[in-house]
Amino acid sequence: MLDFFAIFSKGGIVLWCFQGAGVSESFTGPVNALIRSVILQERTGNNSFNHNALNLKYKLDNEFELVFVVGFQKILTLTYVDKFIDDVQLHFRDRYKNELEQRGALKFLLNNFEFGEDFHNLLREAEDRSKAKGPVPMKNFKESQKSQKTVKSMIETKDGDKSKEQGGKKSKNAKKEGVSGGDQTKAASQTVSKKTVENGSDGLTAEEIIERNRAKFISKQLGGGKPDKTTSKSPKPQKPKGKANRVWDMGGRNTGELDYSGSNGNNYSDAQTQDHDASAEPLIQVDSMKGDLRGVDYESSDDDDEDEDEEVEEERVVVPDTNKKGAKKGGFGGMFGMLKGLVGSKNLTQDDMEPVLDKMRDHLIAKNVAAEISSQLCESVAKKLEGKVMGTFTTVASTVKQALQDSLVQILQPKRRVDILRDVLDARAQRKPFVITFCGVNGVGKSTNLAKISYWLIENGFSVLIAACDTFRAGAVEQLRTHQRRLNALHPPEKHAGRPAVQLFEKGYGKDAAGIAMEAIAFARNQGFEVVLIDTAGRMQDNAPLMTALAKLIAVNTPDLVLFVGEALVGNEAVDQLVKFNQALADHSKTDKPRLIDGIVLTKFDTIDDKVGAAISMTYITGQPIVFVGTGQTYSDLRSLNARAVVSALMKA
């Protein structure tokens, strides 16, 4: 039933393994995939992993730094595997506890772990338990609730309807009686009102009559005359004052100040003025961007130590000082109270970490991390720390925080090297252009960040061709044309052997985007362009026709890099966008290995302060790195991701 079972240390030493009968393939491939994709990427919140046709279940032993992995076919439904892997872990720990306490790779290699007999006994017991339970048999008709219904029950329901009808008749009679009673009460109220008018009380209550008489008495004592009638009446509402007219600095008092005809003889902007403005725009100084991009930096806060002190204070148990004499005698009580939150040489349990993890989960959500991702991260940290032996002077909060911080740094660090400049040089050596495709939802800044990346590539001496494949949005081609004009003004052809540094390849609107991209790549190959940047139309992840067109563009042209452009402002929406983009690319691709998103461009990073959770959500859900970070409006506002700086901003209170 089981294909394999392996026990190995986190250092990579296999202590014991089992391989099922008839299984020819080695288990090293699935185990290595588990290590690369789950353990090293801090995704241990879920204890299962799928690799090809195998389903892998694993369990971490953090006290002895061990990993227990079992593999079986996906088509099998083995309900006993979770309990079985727990039993194997406990028996292996109990039997080889002395050997496992001797840490070190050499100690593991010298010891001989003969665990085969115990393993087969545990496996036999687990299979017997699962067979003893068996499937739940279906009930026959006599045991079902339908067989309990009789004709008598049907008759009772009809009597109930009759009672309802009788009750309805009674309710109608009650309504008539209520109406007649209401008339009587109305008549009684009218007689009472008449009596009150005759007595001169005008329907006032007893307290109001006393106050009115008291006012009459005071007015007689002071003025001797009749009381002022206006005192009893409510004051008249004052008319609201009209809004005062605003006086502007140039409000038309002098019409000569508003005459601008002398500065420009024509009332319209002709082509010459446009060219003049275009030449004047690049006078704005833009920073040089030669070489690798700088990382995103955050100012180091001096409050980190204070935050840690506050966390330690949260774990202290504060006892009210009810007896001052006792406090004087027990001088060591305060010291023991301070150290009560410290953990000394004990194994961490789920109950110990639960309150700290709840606070960490709420903190991550407040920092714009998706709620689902926050829960998975906290579960992964709990699995990583459960059973781990703590030091003498360490707190649970500081341990959990450090483990979560290490996990976040590991997630943000790319699994593979992303060096676009080097890749462009390799493509140039092969005499072909390096093609990058930009995709994403509407309004995230694809065209703007494409222009920033163009400027960065031009600064490093490469020629760029921009393919205008957004044939849907009005003004998309004109926007790219403006960027082309400004970039060529910043880098005039004189600096590039009389050739424009950047050119635009466009065919207008309403054309097939995949065909335009193919023609642009062929044009770049013939003209010697080194980089082709393909701008695509913004599309929502639920728009099936547009997602099909994007999958077609990527499948036909096979770009070297597919970048997803996303905002840093989104939270849970980032997960939905990336999952559905990848799913759509996989569904609409006609190959067995579809081309998915290779990297992420995170835009509007300067507008979020320290709420940088979108970077965690996007990287965690795709497993792909953040290649570029947009931090402003100018061409030089482009950075690379600094994982430690982002995590420090994320963990800041």
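Our subject is the structure that appears above.
Right, let's walk through the structure included here. Computed from a predicted model, the values in this text were never measured in an experiment.

1. Looking at the sheet that holds strand 2 (residues 14-19)
Pairing between the strands of a sheet comes from backbone hydrogen bonds, and it takes one of two forms, parallel or antiparallel. The antiparallel open sheet is built from five strands, whose spatial order is 2-1-5-4-3. This sheet does not close on itself; its edge strands, each paired only once, are strand 2 and strand 3 (48-51). Each adjacent strand pair in this sheet contributes to an overall mean axis angle of 20 degrees, direction not counted. Packing against the sheet, helix 1 (residues 28-39) makes contact with strand 1 (4-9), strand 3, strand 4 (54-61) and strand 5 (66-73), and its axis sits at approximately 125 degrees to strand 3. Taken strand by strand, helix 2 (residues 81-95) contacts strand 1, strand 2, strand 4 and strand 5, and its axis lies near 40 degrees from that of strand 4.

2. Topic: the packing of helix 17 (residues 446-459) against helix 18 (residues 476-490)
Contact geometry for helix 17 and helix 18: axes closest at 10 Å, N-to-C directions at 25 degrees. Between helix 17 and helix 18, the angle is such that the two are roughly parallel. The handedness of the crossing between helix 17 and helix 18 is right-handed. Of helix 18, the residues touching helix 17 (which contributes Ser447, Thr448, Leu450, Ala451, Ser454, Tyr455 and Ile458) are Gln479, Leu480, His483, Leu487 and Leu490. Across the contact of helix 17 with helix 18, the residue classes tally to seven nonpolar, five polar and no charged.

3. Here we look at helix 14 (residues 371-385)
Between its first and last C-alpha, helix 14 extends 21 Å over 15 residues, near the 21 Å set by a 1.5 Å rise per residue. Ile373, Ser374, Leu377, Cys378, Ser380, Val381, Ala382 and Leu385 are the residues of helix 14 that are buried. The elements touched by buried residues of helix 14 are helix 13 (350-366), helix 15 (396-412), helix 21 (572-587) and helix 22 (613-622). Backbone geometry just downstream of helix 14 places Gly387 in the positive-phi region, at approximately 85 degrees.

4. Quick look at the nonpolar core
Among the nonpolar cores identified, the biggest contains 111 residues, and Trp456 and Phe628 are the most heavily contacted of them. The dominant element in this core, judged by the number of residues it contributes, is helix 15, at nine residues. For Phe628, the residues in contact, after removing those within four places along its chain, are Leu293, Ile420, Ile453, Trp456, Leu563, Ile600, Val601, Leu602, Leu638 and Arg639. Residues Ile13, Leu66, Leu100 and Phe113 belong to the second largest nonpolar core, which totals 27 residues.

Conventions and cut-offs
- Here, residues in each chain are numbered from 1, in the same order as that chain's written sequence.
- Thresholds applied to this predicted model are a pLDDT of at least 70 for local features of residues and 80 or more for the giving and counting of side-chain atom pairs; totals over whole chains, interfaces and linings are not thresholded and use all residues.
- Side-chain calculation: all heavy atoms of the structure are included, whereas hydrogens and water are not.
- Should DSSP find at least two bridges between two strands, the strands are regarded as paired.
- Think of it this way: any DSSP run of H or I at least four residues long counts as a helix, any run of E at least two long counts as a strand, and we number them from the N terminus.
- Fitting a line to C-alpha atoms yields each axis, with helices limited to the stretch in contact; the angle taken between N-to-C directions then spans 0 to 180 degrees.
- Whether two residues touch is decided by their heavy atoms; if any such pair falls within 4.5 Å, the residues are in contact.
- Angle categories: roughly parallel below 35 degrees, roughly antiparallel above 145, roughly perpendicular from 65 to 115, and oblique for all the rest.
- A crossing counts as left-handed when the near helix is turned anticlockwise from the far one by less than a right angle, and as right-handed when that turn is clockwise.
- We call Asp, Glu, Lys and Arg charged. Ala, Val, Leu, Ile, Met, Phe, Trp, Tyr, Cys and Pro are nonpolar, and the rest, Gly among them, are polar.
- Between the first and last residue of a helix there are one fewer steps than residues, each counted as 1.5 Å, and that sum is the expected span.
- Burial classification: accessible surface area is computed with a 1.4 Å probe over protein chains only, and a residue below 20% of its type maximum counts as buried, one above 50% as exposed, and the rest as partly exposed.
- Among the buried residues, those of types Ala, Val, Leu, Ile, Met, Phe, Trp, Tyr and Cys that are joined through side-chain atoms within 4.5 Å form a nonpolar core.

The values are spatial; any link to function lies outside them.
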